[in-house]
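Descriptive analysis of the structure
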Amino acid sequence: MNTIVVGYDESEPSKNALARAADLAAALGSSIIVTSVAPILVGSREMGGVDPVDPPAEHAEELAHAKEYLAGRGLEGRFELAVGDPATAIVDLADRSDADLIVVGTRQQSLVSSILGLSVSGAVKRKAHCDVLIVQ
């Protein structure tokens, strides 16, 4: 396994995903790419701008924290801020990087969210062209 992509947003499940990716990278000598995706608002007619409640600056901070975590584990990584649909951005990064594995966290979601397909981890699993590890 050469490359692992991690979707990271500082939620507890994504912290667990980063830890699991770090464990795998350390054991297998894999490189890690961590991404945090600032979502865009989607209107009824067209794509909107960046969500002001979840701006790219916050995602840049999240990546800085992920970098500190990996450094504390003696690991280096590549860190990429993205803007757009989180699942699509994670899968696109994995495709561009020829990743062997995507690691994402999952949250307990409501029945409505599940039915509507609003889970990022579920969308990554459906769209990915490589293995996906979903961590709680």
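About the criteria used
Residues numbered from 1 in each chain as written. Predicted model: local features only at pLDDT ≥ 70, side-chain atom pairs only at ≥ 80, totals over all residues. Heavy atoms only, no water. Axes fitted to C-alpha atoms, helices over the stretch in contact; angles between N-to-C directions. Helix = DSSP H or I, 4+ residues; strand = E, 2+ residues; numbered from the N terminus. Parallel < 35°, antiparallel > 145°, perpendicular 65-115°, else oblique. Left-handed = near helix turned anticlockwise from the far one by under 90°. Contact = heavy atoms within 4.5 Å. Nonpolar A, V, L, I, M, F, W, Y, C, P; charged D, E, K, R; others polar. Buried < 20%, exposed > 50% of the residue type's maximum accessible area, 1.4 Å probe, protein only. Expected span 1.5 Å × (residues − 1). Pairing = 2+ DSSP bridges. Salt bridge = Lys/Arg side-chain N within 4 Å of Asp/Glu carboxyl O.

**Comments concerning the packing of helix 3 (residues 86-96) against helix 5 (residues 120-127)**
- At their nearest, the axes of helix 3 and helix 5 sit 8 Å apart, and the two run at 40° to each other. Considering their axes alone, helix 3 and helix 5 lie oblique with respect to each other. Crossing of helix 3 over helix 5 shows right-handed handedness. Residues P86, A87, T88, I90 and V91 of helix 3 form the contact with helix 5, whose own contacting residues are V120, A123, V124 and K127.
- Along the lines of polarity and charge, the residues of the contact of helix 3 with helix 5 split into 7 nonpolar, 1 polar and 1 charged.

**Here we look at the side chain of S30**
- Structurally, S30 can be placed in the loop between helix 1 (12-28) and strand 2 (31-38).
- A relative accessible area of 10% places S30 in the buried class.
- Not counting residues up to four positions away in its chain, the partners in contact with S30 are M1, N2, I4, L24 and A25.

**With respect to helix 1**
- Over its 17 residues, helix 1 extends 24 Å from the first C-alpha to the last, a length consistent with the 24 Å expected when each residue adds 1.5 Å.
- Along helix 1, the positions that sit buried rather than exposed are P13, S14, A17, L18, A21, A22 and A25.
- Looking at the buried residues of helix 1, the elements they touch are strand 1 (3-7), strand 2, helix 2 (56-72), strand 6 (101-105) and strand 7 (131-135).
- Two residues or fewer past helix 1, G29 is found with a positive phi of approximately 70°.

**Quick look at the sheet that holds strand 6**
- Taken together, the 5 strands give an open sheet; going across it, the order is 5-2-1-6-7, and neighbouring strands pair in parallel fashion. Each edge of the open sheet is held by one strand with a lone partner, namely strand 5 (78-83) and strand 7. Strand-to-strand twist of the sheet, defined as the mean angle between neighbouring strand axes without regard to direction, takes the value 25°.
- With 5 bridges connecting them, strand 6 and strand 7 associate as parallel partners.

**Details of the pattern of salt bridges**
- The full count for this structure, using the stated rule, is 5 salt bridges.
- R96 is paired through a salt bridge with E80; the nearest N and O atoms lie 3.6 Å apart. With R96 in helix 3 and E80 in strand 5, this residue pair connects regions lying 16 residues apart in the sequence.
- Look at R96 and you get exposed, because its relative accessible area is 60%.
- Classification of E80 by relative accessible area gives partly exposed; the value is 23%.
- A salt bridge links D85 to K127; the shortest N-O distance between them is 3.5 Å. With D85 in the loop between strand 5 and helix 3 and K127 in helix 5, the pair connects residues that are 42 residues apart, well separated along the chain.
- In this structure, a network of salt bridges that share partners links the residues R78, E80 and R96.

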